[in-house]
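The residues making up each chain are set out below.
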Amino acid sequence: MGKLISGKAVSTSLRAEIREKALALREDCGIQPGLAVILVGNDPASQIYVRNKQKACEELGFHAFEYKLSENYTQEQLLDLIGVLNKDNKVHGILVQLPLPDHIDEQTVIHTISPEKDVDAFHPINVGKIMIGDYDFLPCTPAGVMELIDSTGVSIDGKYCVVVGRSNIVGKPMAMLLLHRNATVTICHSHTKNLAEICASADILVSAVGKADFITANMVKEGAIVIDVGMNHDENGKLCGDVDFADVEPKTSFITPVPGGVGPMTITMLMKNTLHAAELKRPK
Ligand code: GUN
């Protein structure tokens, strides 16, 4: 029987730590961590994320700067706004909620955010720093997954880890973080041959595919740790992950549920990055 890894519990204790450090920074040198969140358009899922980010800022004593912009906001206007926020000393982190409307080029936007304020760690400078293991920010979802694995007390060193999915946001950086911890890592994707077999030899399996019930028991080794990054909706509209939980759970040593696993960690790691960006402004 797999032990549930509670993203809620791990997140709660991390948030308490972040809150204390933010308070200390404010008391020591009057710096209040500030996060600017920009949402263009009306995507309902994005609106929920943005609201949760605002709530997290309130909870942790951060200054939240919220920009809810219309669907028609132009790329030029958005780049101008980012330029202003890049120069604003009260803003330590800038997050532009993705996806953006079709008329705005995501890469251009990401390149415009100052790397020092890029709390998503999407800017090529930050991506490159992660590659060489010398970074200020880690992308929020993979960083949250690392915290969840570490919460099990199982060492990652020398383990065989399989990451399913190769996105810039999750799969690729996830593999790199595991590699930095001395794991042997395979990235699988839609063109991978023998995907089920490869997954079934993983000590730690991380799925970031975006398909409900994609990971079934035959793809999981007895005693594996299974981390489900999927955020899907089943036929009744209920939130579910990539893993067929009922099928897979009995074979695992540890497993994350959806909801309540990776999800709660992502915003917490964003807050951690924002605190770090503010800490970097502490007078030496
Ligand atoms: N949309 C979904 N996840 C994310 C994320 O981690 N960062 C940003 N900026 N947008 C997202």
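Located above this text is the structure these notes cover.
Throughout what follows, the structure given in this document is the object of discussion. (Residues numbered from 1 in each chain as written. Predicted model: local features only at pLDDT ≥ 70, side-chain atom pairs only at ≥ 80, totals over all residues. Heavy atoms only, no water.)

## Quick word on the side chain of S11
Here comes step 1: Summarising the element assignment, S11 is placed in helix α1 (residues 7-29).
Here comes step 2: Among all residues touching S11, those that are not within four sequence positions of it are P264, M265 and T268. (Helix = DSSP H or I, 4+ residues; strand = E, 2+ residues; numbered from the N terminus. Contact = heavy atoms within 4.5 Å.)

## With respect to the pairing of strand β4 (residues 93-96)
Here comes step 1: Neither face of β4 is open: one carries G93 and L95, the other I94 and V96, and all of them are buried.
Here comes step 2: Relative to β4, strand β2 (residues 34-40) runs parallel, the two sharing four bridges. Bridge pairing in β4 links I38 to V96. (Buried < 20%, exposed > 50% of the residue type's maximum accessible area, 1.4 Å probe, protein only. Pairing = 2+ DSSP bridges.)

## So, the pattern of salt bridges
Here comes step 1: As enumerated under the stated definition, the model contains nine salt bridges in all.
Here comes step 2: Notably, a salt bridge pairs E59 with R15, separated by 3.0 Å at the nearest N-O pair. Taken together, the residues span a long stretch of sequence, with E59 in helix α2 (residues 44-60) and R15 in helix α1 at a distance of 44 residues.
Here comes step 3: Judged by relative accessible area, E59 falls into the partly exposed class, the value being 41%.
Here comes step 4: The residue K129 makes a salt bridge to D136 at a minimum N-O spacing of 3.4 Å.
Here comes step 5: Classification of K129 as partly exposed rests on a relative accessible area of 27%.
Here comes step 6: D136 sits in the partly exposed class, given a relative accessible area of 30%.
Here comes step 7: Members of the salt-bridge network, linked through shared partners, are D28, E279 and R282. (Salt bridge = Lys/Arg side-chain N within 4 Å of Asp/Glu carboxyl O.)

## Section: unusual backbone geometry
Negative phi values dominate among residues other than glycine, just as trans dominates among peptide bonds.
Here comes step 1: Following L98, the chain continues into P99 via a peptide bond in cis, with omega recorded as 0°.
Here comes step 2: You can see P99 is positioned in the loop between β4 and α4 (106-112).
Here comes step 3: Here V258 and P259 are connected by a cis peptide whose omega angle stands at 0°.
Here comes step 4: With respect to the secondary-structure elements, P259 resides in the loop between β11 (254-255) and α10 (263-279).

## Focus on the pairing of β2
Along a regular strand, successive side chains alternate from one face of the sheet to the other.
Here comes step 1: Of all seven residues in β2, seven are buried; the element is thus mostly enclosed.
Here comes step 2: Side-chain alternation along β2 places G34, A36, I38 and V40 on one buried face and L35, V37 and L39 on a second face that is also buried.
Here comes step 3: Pairing of β2 with strand β3 (residues 63-69), which is carried by seven bridges, proceeds in the parallel orientation. Directly across from L35, in β3, lies its bridge partner A64.
Here comes step 4: Since β2 and β3 lie parallel, the crossover through α2 that links them has a hand, and here it is right-handed. (Right-handed = clockwise from strand over helix to strand, strands pointing away.)

## Looking at the sheet that holds β2
Here comes step 1: Taken in spatial order, the three strands make up an open sheet running β3-β2-β4, and their pairing is parallel. On the outer flanks of this sheet lie β3 and β4, each paired with one strand and no other. Taken pair by pair, the neighbouring strands of this sheet meet at an average axis angle of 15°, ignoring direction.
Here comes step 2: Here helix α3 (residues 75-87) sits on the sheet in contact with β2, β3 and β4, set at roughly 175° to β2. (Axes fitted to C-alpha atoms, helices over the stretch in contact; angles between N-to-C directions.)

## A closer look at the environment of D247
Here comes step 1: Mapped onto the secondary structure, D247 falls in helix α9 (residues 245-248).
Here comes step 2: When the C-alpha positions of D247 and D213 are compared, they lie 9.3 Å apart, and in sequence the two are 34 residues distant.
Here comes step 3: Contact partners of D247, with chain neighbours within four places excluded, come to T216 and A217.

## Here we look at the environment of H233
Here comes step 1: Along the chain, the position of H233 falls in strand β9 (residues 232-233).
Here comes step 2: Each C-alpha atom of the pair H233 and V248 lies 18 Å from the other, and the pair is 15 residues apart in sequence.
Here comes step 3: Engagement of the side chain of H233 in a polar contact is seen with the backbone oxygen of G237, the distance being 3.2 Å. (Polar contact = N/O pair within 3.5 Å; in protein donor to acceptor, adjacent residues only side chain to side chain.)

In short, the description is geometric, and any link to function would need to be established separately.
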